[in-house]
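This is what each chain is made of:
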Amino acid sequence: MENQETRSTVNKEMLFLEEVKPVVEKLPADRWDKIFAGIYLLLGIIMWNCLVMENFTRGLSMFSVLYVVTVLVYLRLKKIPMTGEKIFWTLILLGISLPYSFYSIFDFGQTLMIFVTAAYWTLAVTEGLLWKGRTSSWVLLDGWNGLIALPVLNFFCQIRLIFQSFSNKKEDKKDWRMVLLGVVISIPALLIIIPILSQADMGFRNLVSGVLEALGEDMWAFLGRCIVGILLGSLMFGTLYGGVYKRHVGEEECIRFHEESGRVFRFVPDTAVLTFGVMVSAVYVLFISLQTKYLFSAFFGILPEAYTYSEYARQGFFELCVIALLNASFLIAMNGCAKTPRKDSRGLILENLILGALTLLLLTTAASKLGMYIVAYGFTVKRCISLVFLIWLFLVFILVLCCQKKEIPLVRWSVFTGAVLFTLLCVLPVEQLVALIPYHPVS
């Protein structure tokens, strides 16, 4: 009887211990994760100090190199191999960031692209991209993960790993490392409490003022930069840790969505999809036939009456580029929603070919108008950017036509070509090159 009561008591105690077990589980990590959690504290501080430099662009370039080196050392220590795609994105990131300290034609746009590319590169090299760790049709969601989702959702991973490294030490609670950790985490609280107490008591305010004068204002400014830097370090480490351990990446949901998309989204009858494609193509054919003389006059260097070269080039150029982007979205919707997959539907393949060819024809007319404008007034930076954008659209729709003959990763190759073209605009001194191109003004 006593044994039964003893066992019952023990079971109750075990259940109680199970209930009070910490909700937050221990994060998976090795010693290199814990070491780099600390390194990222310093990396965040360095990043903020580089960003507030007087020469902002040079500071961002220098930090980009330091960031690449840090992550590559981490991958080496973790024995994560480098692949061709990882090397490609490394070169893209360096190609965008390094020239920024010397020249740029994009200004703030290049700053934003450096941050976006760095976040995406981190997921690429840590194999944290949604689809098999590679660039895929999920590229926009990968960008969102790298820049926003993982830094926020994994924000506390850095401090938790630091705590785990301290808690693994079986030493006296008065260990100096625990004291140092307590001092560090108390700083943000003190920065909030001290100003409030200073307002409540004149004597305390005089004491704080005396301490501030003794330390100097630069000391407090430095502490402020350190706090901001620590926050940035936690955000950056969140992307790195999330990519390596697939924490909040959503890879399983991505695979499940891919498997079920054929059943969920392929609900539009083939006849309706083909009718939609024929209607859109017919409008383009009608537009081209009515505007034949106007649209194609640039091929022969003929300026339509009542137009100047600038008016002729600008009118319709951007609209045609928008039409090309809309056609790309139409093709995605048609091929994604039709009940019969494209590879099994000759009608859908034919419609893709027609719509792709018409889009290339419209892009050709836009290019001819831009070329006529350049011949008349010469190259400028904006015209060069417009030309490169047209080249990218041409390549995308050529890939669309090729995709009807042979299965190719269309989005993947489109992203690669776009990244290369943008990087070339960053690497090459476009302003200097444009100034070297001679032209003969049209009278």
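Since the model is a prediction, treat every value here as computed from it, not as a measurement. (Residues numbered from 1 in each chain as written. Predicted model: local features only at pLDDT ≥ 70, side-chain atom pairs only at ≥ 80, totals over all residues. Heavy atoms only, no water.)

**Q** Quick question: what am I supposed to make of the overall build of the protein here?
**A** Scanning the protein from N- to C-terminus turns up 19 helices and zero strands. Of all 443 residues assigned to the protein, the portion counted as buried reaches 37%. Considering only contacts within the protein whose residues lie at least 6 apart along the sequence, 77% involve residues at least 24 apart. Surface summary for the protein: the accessible area is close to 26100 Å², and the carbon and sulfur share equals 69%. (Helix = DSSP H or I, 4+ residues; strand = E, 2+ residues; numbered from the N terminus. Buried < 20%, exposed > 50% of the residue type's maximum accessible area, 1.4 Å probe, protein only. Contact = heavy atoms within 4.5 Å. Areas by Shrake-Rupley, 256 points an atom, 1.4 Å probe, with all protein chains shown as cover.)

**Q** When you look at a nonpolar patch on the surface in this model, what are you seeing that I'm missing?
**A** On the surface, Phe 108, Leu 112, Met 113, Val 116, Leu 141, Trp 144, Leu 147, Ile 148, Val 152, Leu 153 and Leu 235 cluster together to form a nonpolar patch covering roughly 970 Å² of accessible area. Elements supplying a minimum of two residues to the nonpolar patch: helix 5 (108–125) and helix 6 (139–153). If one sorts the elements of the nonpolar patch by residue count, helix 6 sits on top with six residues. Inspection of the secondary structure puts Leu 141 in helix 6. (Patch = residues over 30% accessible without salt bridge, like charges linked within 9 Å, V, L, I, M, F, W, Y side chains within 5 Å. Salt bridge = Lys/Arg side-chain N within 4 Å of Asp/Glu carboxyl O.)

**Q** Which parts of the structure should I look at to understand the nonpolar core?
**A** Within soluble globular proteins, side chains that are nonpolar tend to cluster in buried spots. If you look at the biggest cluster of nonpolar residues, it comprises 46 residues, and the most contacted ones within it are Tyr 40, Tyr 67, Val 71, Trp 89 and Trp 121. Listed by contribution, the elements that provide at least two residues to this core are helix 2 (31–51), helix 3 (56–77), helix 4 (84–97), helix 5, helix 6, helix 7 (157–167), helix 10 (217–245) and helix 18 (410–427). Leave out the neighbours within four places in its chain, and Val 71 touches Tyr 40, Trp 121, Val 125 and Leu 240. Membership of the second largest hydrophobic core comes to 25 residues, among which are Val 273, Cys 321, Leu 363 and Leu 393. (Core = buried A, V, L, I, M, F, W, Y, C linked by side-chain atoms within 4.5 Å.)

**Q** How should the state of the cysteines be read in this particular structure?
**A** Two cysteines whose sulfur atoms are joined by a covalent bond form what is called a disulfide. As enumerated under the stated definition, the model contains zero disulfides in all. Among the cysteines around Cys 403, which has no disulfide bond, Cys 402 carries the closest sulfur, lying 8.7 Å off. (Disulfide = S-S within 2.5 Å.)

**Q** Help me understand the packing of aromatic side chains, please; the structure alone is not making it clear to me.
**A** How two aromatic rings sit relative to each other is set out by the distance from centre to centre and by the angle between their planes. Inspection of the entire model under this criterion finds 14 aromatic pairs. In this structure an aromatic cluster arises from ring pairing among Tyr 40, Phe 237, Tyr 241 and Tyr 245. (Phe/Tyr/Trp six-rings, centres within 6.5 Å; stacked < 30°, edge-to-face > 60°.)

**Q** What is the right way to look at the packing of helix 2 against helix 3 in this model?
**A** In a packed pair of helices, the relevant descriptors are the angle between the two axes and the axis-to-axis distance. One way to put it is that helix 2 packs onto helix 3 with a least axis distance of 9 Å and a crossing angle of 175°. As summarised for this structure, helix 2 and helix 3 are arranged roughly antiparallel, according to the angle between their axes. Across the interface between the two elements, Trp 32, Asp 33, Phe 36, Ile 39, Tyr 40, Leu 43, Ile 46, Met 47, Cys 50 and Leu 51 from helix 2 touch Phe 56, Gly 59, Leu 60, Phe 63, Leu 66, Tyr 67, Thr 70, Val 71, Val 73, Tyr 74 and Leu 77 from helix 3. Class assignment for the residues of the contact of helix 2 with helix 3 results in 18 nonpolar, two polar and one charged. (Axes fitted to C-alpha atoms, helices over the stretch in contact; angles between N-to-C directions. Parallel < 35°, antiparallel > 145°, perpendicular 65-115°, else oblique. Nonpolar A, V, L, I, M, F, W, Y, C, P; charged D, E, K, R; others polar.)

**Q** Before we go on, may I ask you to explain the environment of Ala 118 in this structure?
**A** Tracing the backbone through its elements, the reader meets Ala 118 in helix 5. The class for Ala 118 is buried, based on a relative accessible area of 16%. Note: C-alpha distance between Ala 118 and Gly 146 (28 residues apart in sequence) is 8.5 Å. Beyond its immediate stretch of four places on either side in the chain, Ala 118 contacts Tyr 67 and Leu 93.

**Q** It is not clear to me how the environment of His 248 should be interpreted in this structure. Could you clarify?
**A** Assignment of secondary structure puts His 248 in the loop between helix 10 and helix 11 (251–264). Along the backbone, His 248 and Leu 150 are 98 residues apart, and their C-alpha atoms lie at a distance of 6.6 Å. Those residues within four positions of His 248 in sequence are excluded, and the remaining contacts are Leu 150, Leu 153 and Asn 154. At 3.5 Å, the side chain of His 248 and the side chain of Arg 247 are in polar contact. (Polar contact = N/O pair within 3.5 Å; in protein donor to acceptor, adjacent residues only side chain to side chain.)

**Q** Help me out: how do you make sense of the side chain of Ser 386 in this one?
**A** Here Ser 386 lies in helix 17 (residues 381–405). The residues contacting Ser 386, other than those within four sequence positions of it, are Phe 317 and Leu 370.

**Q** Looking at this structure, I do not really get the pattern of salt bridges. What am I missing?
**A** Side chains that differ in sign of charge can pair as their charged atoms come close. Throughout the structure, instances matching the rule amount to five salt bridges. Measuring nitrogen to oxygen at the nearest pair gives 3.0 Å for the salt bridge that ties Lys 78 to Asp 33. Of this pair, Lys 78 sits in the loop between helix 3 and helix 4 while Asp 33 sits in helix 2, and the two are 45 residues apart along the sequence. Take Lys 78: its relative accessible area is 17%, and that puts it in the buried class. Judged by relative accessible area, which is 0%, Asp 33 ranks as buried.

**Q** Sorry, what's going on with the confidence of the model for the protein here?
**A** Reading predicted coordinates in detail is not appropriate for stretches of low pLDDT. Mean pLDDT over the protein: 82, with 78% of residues reaching 70 or higher. Confidence, expressed as mean pLDDT per element, reaches its minimum in the protein at helix 1 (residues 2–19) with 48 and its maximum at helix 4 with 96. Of the regions scoring below 50 in pLDDT, residues 13–23 engages in zero contacts with residues more than four places distant in sequence or in other chains. Across residues 170–174, where pLDDT falls below 50, the model places three contacts with residues more than four positions away in sequence or in other chains. (pLDDT = per-residue confidence, 0-100.)

**Q** Would you mind showing me how to read helix 3 here?
**A** Three- or four-residue spacings in an α-helix give side chains the same orientation, since the helix completes a turn every 3.6 residues. Under the 1.5 Å per step criterion, the end-to-end length of helix 3 is 32 Å for 22 residues, consistent within 8% with the ideal 32 Å. Those residues of helix 3 not exposed but buried are Gly 59, Leu 60, Ser 61, Phe 63, Ser 64, Tyr 67, Val 68, Thr 70, Val 71, Tyr 74 and Leu 75. Immediately downstream of helix 3, the backbone of Lys 79 shows phi near 60°, a positive value. (Expected span 1.5 Å × (residues − 1).)

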